[in-house]
Amino acid sequence: MREISYGLKKHTSLGFDSAKERVTALLKEEGFGILTEIDVKNTLQQKLNVDFRRYVILGACNPPLAHQAFMKELDIGLLLPCNVVVYEEEGGTVVGIADPLTMMETTGNSALKPLSDDARARLERVLQKLPG
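My aim in this report is to walk through the structure given alongside it, one point at a time. (Residues numbered from 1 in each chain as written. Predicted model: local features only at pLDDT ≥ 70, side-chain atom pairs only at ≥ 80, totals over all residues. Heavy atoms only, no water.)

**A word on the sheet that holds strand β1 (residues 2-4)**
At step 1: Taken together, six strands build an open sheet; the order of strands is β1-β2-β6-β5-β4-β3 and the sheet is antiparallel. The open sheet has two free edges, formed respectively by β1 and β3 (33-39), since each of these has just one partner strand. Adjacent strand axes in the sheet meet at a mean angle of 25° when their direction is disregarded.
At step 2: Pairing of strand β5 (residues 82-89) with strand β6 (residues 92-98) involves six bridges; the strand directions are antiparallel. Bridge pairing in β6 places Val85 opposite Gly96.
At step 3: Each of β3 and β4 (55-61) touches helix α2 (residues 40-48); the most contacted strand, β3, lies at about 35° to it.
At step 4: In the packing of helix α5 (residues 113-129) onto the sheet, contacts are made with β1, β2 (7-12), β5 and β6, and the angle to β2 comes to roughly 10°. (Pairing = 2+ DSSP bridges. Helix = DSSP H or I, 4+ residues; strand = E, 2+ residues; numbered from the N terminus. Axes fitted to C-alpha atoms, helices over the stretch in contact; angles between N-to-C directions. Contact = heavy atoms within 4.5 Å.)

What follows is the structure in structure tokens.
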């Protein structure tokens with residue numbers, strides 16, 4: 001797992017479809033459901049007639065954590081759901097997850113820190129469980 005300034009990511013040897021299926025299942029184990037799915041390759045093809053690698057953006061949500069966040073900061077919806085990307089890269093697939101700590105820090109609301117710590121720990125476990 002590699003940390004980038006606004007997220008966490010892991011390169012896996014799994015193929016694209018397997019990685020997407022596995023990360024979805026692992027997210028579910030950690031209490032996250034997928035609310036949205038954006039097929040970037042298909043969208044760019046349809047809108048711009050551009051060929052692009054297989055790439056999806058999954059909008060993942062943990063309802064109990066989201067509810068607690070809404071109770072502390074009503075406008076937190078601007079930063080939800082947690083974005084998870086799955087895309088093809090030579091030799092496998094990359095799974096990246098927006099870092100909840102980074103996202104919540106932008107609010108300046110320290111009451112969100114325990115929630116973002118919890119969310120980040122859950123999302124780190126998802127990446128750790130993916131094969132390298």
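**Focus: helix α3 (residues 63-72)**
Since the α-helix advances by 3.6 residues per turn, residues separated by three or four positions end up pointing in the same direction.
At step 1: All of the buried residues in α3 are Leu65, Ala66 and Ala69. Buried residues of α3, viewed axially, fall in a sector of 100°; they line one side. In α3, those exposed residues whose orientation departs by more than 90 degrees from the buried face are Pro63, Pro64 and Met71.
At step 2: Where α3 is buried, its residues contact β4 and α5. (Buried < 20%, exposed > 50% of the residue type's maximum accessible area, 1.4 Å probe, protein only. Arc of directions from axis to C-beta.)

**Topic: the packing of α3 against α5**
At step 1: At a closest axis distance of 10 Å, the pairing of α3 and α5 adopts a crossing angle of 160°. Taken as axis vectors, α3 and α5 run roughly antiparallel relative to one another. Crossing angle aside, the handedness with which α3 passes α5 is left-handed. Contacts from Leu65, Gln68, Ala69 and Lys72 in α3 reach Leu115, Asp118, Ala119 and Arg122 in α5.
At step 2: A class-by-class count of the residues in the contact of α3 with α5 yields four nonpolar, one polar and three charged. (Parallel < 35°, antiparallel > 145°, perpendicular 65-115°, else oblique. Left-handed = near helix turned anticlockwise from the far one by under 90°. Nonpolar A, V, L, I, M, F, W, Y, C, P; charged D, E, K, R; others polar.)

Everything listed is a geometric property; what it means functionally is a separate question.
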